[in-house]
Amino acid sequence: MKTFYSLLCVLLLGLAGPAPLAAAKTPGEVEVGSVLRDVPMQGLSGPSHLLSHYRGKPLIINVWASWCGPCQQEMPSLERLARSRLGQQFAVIGISTDDYRDAALGFLKRYPSSFSHYIDSQLALENMLGANRLPLTLLVDAQGRVLAKHVGAKEWDSLQAQVLIAQTLRLKR
């Protein structure tokens, strides 16, 4: 009888489905609260730079791909945010995870922006930033410390998003 109950428990647990798994990390991912490593970034819409080029001013990093529908949806709002009064207090950069430069350039032709974009075909930035789902947007302080990560499309120029950005980066609204 004890064997029957043990078997019944195993079957019922199996019917309940697998236990939820923690989100998998990318290799070398920098956690919220940690400082981003200085890495070279290959210019897509301008010259190449080291990530440290952006130190000294808060930074918003948006990771995208040309084939990503939600990335296409949010890019215009990032452009409006970058051009806003609040946007004058921080830098915005885009990181394409496309394998092919032409695909990324095509995206930028469809969604023009005034801020710099880089391409990460070698996965160094994608892994460090934790971009296993797109779009990914990071809020980074002036010293390079990751303060927040947001997965999924967002209207970055909305009042709600601007309040979040101002509070997280400790900016004046």
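Treat the numbers as computed from the prediction; the structure is a model and nothing was measured. (Residues numbered from 1 in each chain as written. Predicted model: local features only at pLDDT ≥ 70, side-chain atom pairs only at ≥ 80, totals over all residues. Heavy atoms only, no water.)

> Even after reading the chapter, I still don't get the overall build of the protein chain, so can you show me in this structure?
Helix and strand counts for the protein chain come out as five helices and seven strands. Secondary structure elements of the protein chain, listed N to C terminal, follow the sequence α-β-β-β-α-β-α-β-α-β-β-α. In the protein chain, which comprises 173 residues, the proportion classed as buried is 43%. Partitioning the intrachain contacts of the protein chain with sequence separation of at least 6 by distance along the chain shows that 68% fall at a separation of at least 24. For the protein chain, the computed accessible surface area is about 9600 Å², with 58% contributed by carbon and sulfur atoms. (Helix = DSSP H or I, 4+ residues; strand = E, 2+ residues; numbered from the N terminus. Buried < 20%, exposed > 50% of the residue type's maximum accessible area, 1.4 Å probe, protein only. Contact = heavy atoms within 4.5 Å. Areas by Shrake-Rupley, 256 points an atom, 1.4 Å probe, with all protein chains shown as cover.)

> Which parts of the structure should I look at to understand the state of the cysteines?
Put plainly, two cysteines are in a disulfide when a covalent bond ties their sulfur atoms together. The final tally for this structure, using the stated rule, is one disulfide. Across a sulfur-sulfur distance of 2.4 Å, Cys68 and Cys71 are joined as a disulfide pair. Sign of the S-S torsion, about 75 degrees for the bond between Cys68 and Cys71, identifies this disulfide as right-handed. Here the two residues Cys68 and Cys71 agree in accessibility, since each one is buried. (Disulfide = S-S within 2.5 Å.)

> Help me understand the sheet that holds strand E3 (residues 59-64), please; the structure alone is not making it clear to me.
The pairing of strands in a sheet happens through backbone hydrogen bonds and is either parallel or antiparallel. Strand order in this open sheet of seven strands is E2-E1-E5-E4-E3-E6-E7, and the pairing throughout is mixed. With partners counted over all chains shown, the strands left at the sheet margins are strand E2 (49-50) and strand E7 (146-151), one partner each. Across four bridges, strand E4 (residues 91-96) lies against strand E5 (residues 116-119) in parallel orientation. Each residue of the ladder has a partner; that of Gly94, found in E5, is His117. (Pairing = 2+ DSSP bridges.)

> Can you help me understand helix H3 (residues 101-110) in this one?
Think of an α-helix as turning once every 3.6 residues; residues three or four places apart then point the same way. Within H3 the residues assigned to the buried category are Ala104, Phe107 and Leu108. Buried residues in H3, looked at end-on, bunch into an arc of 95 degrees, giving them a common side. Opposite its buried face, H3 presents the exposed residues Asp102 and Lys109, each directed more than 90 degrees away. Residues of H3 that are buried sit in contact with E3, helix H2 (69-83), E4 and E5. (Arc of directions from axis to C-beta.)

> Looking at this model, I keep getting lost on the pairing of strand E1 (residues 40-43). Mind explaining?
Along a regular strand, successive side chains alternate from one face of the sheet to the other. The alternating pattern of E1 places Met41 and Gly43 on a buried face and Pro40 and Gln42 on a face that is not buried. As paired strands, E1 and E2 are joined by two bridges and run antiparallel to one another. Across the sheet, residue Pro40 finds its bridge partner in E2, namely Leu50. The loop that links E1 with its antiparallel partner E2 comprises five residues. Of the pairings in the sheet, the one linking E1 to E5 comprises two bridges and is antiparallel in character. For Gly43, the partnering residue across the bridge sits in E5 and is Tyr118.

> Any chance you could explain the nonpolar core here in plain terms?
General note: in soluble globular proteins, nonpolar side chains tend to be found buried as a group. Among the nonpolar cores identified, the biggest contains 48 residues, and Ile61, Leu129 and Ile165 are the most heavily contacted of them. Contacts of Leu129, omitting those with residues within four sequence positions, involve Glu29, Leu36, Ile61, Val63, Ile95, Leu136, Leu138 and Lys149. (Core = buried A, V, L, I, M, F, W, Y, C linked by side-chain atoms within 4.5 Å.)

> I'm lost on helix H5 (residues 159-169) in this one. Help?
Burial in H5 covers these residues: Ala161, Gln162, Ile165, Ala166, Thr168 and Leu169. Buried residues belonging to H5 abut E3, H2, strand E6 (136-140) and E7. The first or second residue beyond H5 is Arg170, which carries a positive phi of 55 degrees.

> Explain the pairing of E7 to me, please; I cannot follow it from the model alone.
Both E6 and E7 contribute to a ladder of five bridges, which runs antiparallel. Its bridge partner lying in E7, Leu139 is registered against Ala148.

> In this structure, what is going on with the environment of Leu86? I would like to understand it.
Position of Leu86 relative to the elements: it lies in the loop between H2 and E4. A C-alpha to C-alpha distance of 9.8 Å links Leu86 and Val163, two positions 77 residues apart in sequence. Once you skip the residues sitting within four places of it in the chain, Leu86 turns out to touch Leu81, Gln162, Ile165, Ala166, Leu171 and Lys172.

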